[in-house]
2 protein chains.
Amino acid sequence: MAGIQKAKREEAARKLLEAAVACVAEQGIDALHVREIARRAGYSVGSVYKYYADLDEILIAVNTITLGRIKAVVGEAIIGKDDPMDRLKALARAYHSFALENRKLWEALFGHRLPDDRPIPEIHLKENAALLAVIGQSLLELSPKMSAEQLEARKRTCFAAVHGLVLINLENRFVGLSGEVFMREMDFLVERLATATV
Amino acid sequence: MAGIQKAKREEAARKLLEAAVACVAEQGIDALHVREIARRAGYSVGSVYKYYADLDEILIAVNTITLGRIKAVVGEAIIGKDDPMDRLKALARAYHSFALENRKLWEALFGHRLPDDRPIPEIHLKENAALLAVIGQSLLELSPKMSAEQLEARKRTCFAAVHGLVLINLENRFVGLSGEVFMREMDFLVERLATATV
DNA sequence: TCCAAAAAATGAACATTGTTCACTATTTGA
DNA sequence: TCAAATAGTGAACAATGTTCATTTTTTGGA
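The structure reproduced in this document is the subject of the present report. (Residues numbered from 1 in each chain as written. Chains lettered and ligands numbered in written order. Predicted model: local features only at pLDDT ≥ 70, side-chain atom pairs only at ≥ 80, totals over all residues.)

Examining the protein's contact with DNA strand C
- The immediate surroundings of DNA strand C are formed by 23 residues, with Gly46(A), Ala2(B), Ile4(B), Gly46(B) and Asp54(B) found nearest.
- Looking at side-chain class alone, the surface near DNA strand C contains 10 nonpolar, eight polar and five charged residues. (Near = placed C-beta within 6 Å. Nonpolar A, V, L, I, M, F, W, Y, C, P; charged D, E, K, R; others polar.)

Here it is in structure tokens:
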């Protein structure tokens, strides 16, 4: 009969995390409460703390899932695209689409403020680096002579700029402008940043 | 003897707001508590609510002050600069400097999540538009033939991209790269976005 | 099969915090 | 001088994160 405990542990951790993801996706980061997670998952308040140290840790787990989804979406977006500029534009569009379609989860990912003494989790840094690597690959094809240090900086610049556009767009600060215009601006941004100097 | 009440009202509102600004500047948005504000300003908890409807309203007032400071800093940065490209680079640098030197206040400005049903305050939209106008001015000098609609979109793009760089830089995601390299990237970004198509 | 130790699960209790409100103190204008 | 208006208070309440003593379930060996 051995194995029940292990199964219970895994099921509880999974159910609690799923409940947390649902909370955030539906109502946003500020509506993520321990009692609501416990209720949705069918456990008591105390049980939550047997699996996660605190709410921050739960949110980190939620954000890890979101990062994974972004990675998947972004990976699919560049499949079969030979031209590096096309790939970069597709990356930006996929990133923007994900943010639009998973607004609350995306906001939670970038809006979660950890205490000053708490470092950004290793896994998040790793996923972030993977995304930068995909960008770097295309950039290097476009500018083969670029130094390693330049490339490191440039891929961060490209990511940050696109991220900024998506962020401001989500906050409705592009108000009055159609989605079509926004898309053109994204393409313009990518093209300008990624084109090699002649 | 009439006038004591008015003076008291103004003093209380000012002291409470100053206390709130200090709280945020020192410890960040998550450390902004009604009891702490009241204590610092020398009032009771209840008094806070005679001047501000809730914490959100206090934070909006704090952010209004921050926006004013950004406007001032940015305004000074372009004084005496004739070349529009120089002005845009100076704008970006000033924006970045302010964020670095007023980290917690800057984070509070862009990290404050209002409830979904609460609109962004009018004054913030107005200040934001003023900042965009300054950008638009220089952009138009560089590309006089740009249409009004294009200009509207493009100034948002420029702001958003610079904002993204500053944001990612503040989150230490440019880790390993010197401040010098970052500055060069900012200049590169502005130059690429603002240069007119030949 | 039975049972004591280990693990899982519970929910009451506590501390913190935003918010309200009945009450007291001060100011006003006549 | 005084009643109404305004300013100010702090106890009380509700919501929420977190802890922990207690109960229930599972385990592995006698």
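Some details on the interface of chain A and chain B
- In this complex, chain A contributes 23 residues to the contact, which on the side of chain B involves 23 residues.
- Mapped onto the side of chain A that touches chain B, the elements with two or more residues apiece are helix H8 (148-170) and helix H9 (179-194) of chain A.
- With 11 residues, the single largest contributor to the side of chain A that touches chain B is H8(A).
- Looking at side-chain class alone, the side of chain A that touches chain B contains 11 nonpolar, five polar and seven charged residues. (Contact = placed C-beta atoms within 7 Å. Helix = DSSP H or I, 4+ residues; strand = E, 2+ residues; numbered from the N terminus.)

Comments concerning the relation of the copies chain A and chain B
- Of the transformation superimposing chain A on chain B, the axial component is 0.0 Å and the angular component is 180 degrees, with the fit at an RMSD of 0.1 Å. The superposition of one copy onto the other is thereby described by a two-fold rotation axis.
- Interface residue correspondence from chain A to chain B reaches 100%, placing this contact among same-surface, isologous pairings. (Least-squares fit on C-alpha atoms with pLDDT ≥ 70 in both.)

Some thoughts on the protein's contact with DNA strand D
- Near DNA strand D you find 23 residues, and of these Ala2(A), Ile4(A), Gly46(A), Asp54(A) and Gly46(B) are the closest.
- Every element with two or more residues in the surface near DNA strand D is listed here: helix H1 (4-27), helix H2 (34-41) and helix H3 (45-51) of chain A together with helix H1 (4-27) and helix H3 (45-51) of chain B.
- Looking at side-chain class alone, the surface near DNA strand D contains 10 nonpolar, eight polar and five charged residues.

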